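Coordinate inspection notes
Each chain, letter by letter, is given below.
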Amino acid sequence: MSAKNGAKIFKQRCDQCHTVEAGGKHKTGPNLNGLIGRKTGQMEGFQYTKANIDKGITWSPETLDVYLTNPKKYIPGTKMVFAGLKKKKDRNDLIAYLVKSTK
């Protein structure tokens, strides 16, 4: 896993909708700071879909791997338009970056 490569993937695929820094603003998607260990639909100040709130899972590298493969399949009704990352290596790299950058 390469957090460095994950940062590139984040910039290319996620940055337009999400921020990661503490106190970062919400965009189309929520700020991801503190993501690992947080339940779905719980970032203060962001308006989530009912589907996202009701999913009730806690974000971890394992749940992110499933979600990032196909977000709409994992949380039907989510408003996230991202189609997913099909390559396991890309998901692993992105997750490594998210674990490091959202603490």
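The structure we're discussing is the one just above.
Residues numbered from 1 in each chain as written. Predicted model: local features only at pLDDT ≥ 70, side-chain atom pairs only at ≥ 80, totals over all residues. Heavy atoms only, no water.

1. Considerations on the pattern of salt bridges
Per the counting criterion, the structure on display carries 4 salt bridges. The salt bridge partner of Arg 91 is Asp 65, with a shortest N-O separation of 2.7 Å. Of the two residues, Arg 91 is situated in helix 5 (residues 88–101) and Asp 65 in helix 3 (residues 61–69); the sequence distance between them amounts to 26 residues. A single burial state applies to Arg 91 and to Asp 65, both of which are buried. The partner of Asp 93 in a salt bridge is Lys 89, and the shortest N-O contact between them spans 2.6 Å. Pair noted here: Asp 93 and Lys 89 are both in helix 5, with a separation of 4 residues, about one helical turn. In the salt-bridge network here, residues are joined through shared partners; they are Asp 65, Lys 88 and Arg 91. (Salt bridge = Lys/Arg side-chain N within 4 Å of Asp/Glu carboxyl O. Helix = DSSP H or I, 4+ residues; strand = E, 2+ residues; numbered from the N terminus. Buried < 20%, exposed > 50% of the residue type's maximum accessible area, 1.4 Å probe, protein only.)

2. Here we look at the nonpolar core
Among the nonpolar cores identified, the biggest contains 20 residues, and Phe 10, Trp 59, Leu 64, Tyr 67, Leu 68, Leu 94 and Leu 98 are the most heavily contacted of them. Broken down by element, this core gets its largest block of residues, 4 residues, from helix 5. Leu 68 has contacts with Phe 82, Gly 84, Leu 85, Arg 91, Leu 94 and Ile 95, leaving out every residue within four places of it along the chain. (Core = buried A, V, L, I, M, F, W, Y, C linked by side-chain atoms within 4.5 Å. Contact = heavy atoms within 4.5 Å.)

3. Here's the deal with the layout of surface pockets
Its volume calculated, the largest pocket comes out at about 560 Å³. What lines the largest pocket is a set of 32 residues, and nearest its centre among them are His 18, Gly 29, Pro 30, Tyr 67 and Met 80. Elements that contribute at least two residues to the lining of the largest pocket include exactly helix 1 (3–13), helix 3 and helix 5. Of all the elements, helix 3 adds the most residues to the lining of the largest pocket, at 3 residues. Here the lining of the largest pocket is built from residues that sort into 18 nonpolar, 10 polar and 4 charged. (1 Å grid on protein atoms, 1.4 Å probe; cavity = no way out; pocket = protein on both sides within 12 Å on 5 of 7 lines; lining within 4 Å. Points joined across faces, edges and corners; volume = space filled by probe spheres on them. Nonpolar A, V, L, I, M, F, W, Y, C, P; charged D, E, K, R; others polar.)

4. Here's the deal with the environment of Ile 9
In this structure, Ile 9 sits in helix 1. The spatial distance from the C-alpha of Ile 9 to the C-alpha of Arg 91 is 9.0 Å, given a sequence separation of 82 residues. Not counting residues within four places of it along the chain, the set of residues in contact with Ile 9 comprises Cys 14, Leu 85, Asp 90, Asp 93 and Leu 94.

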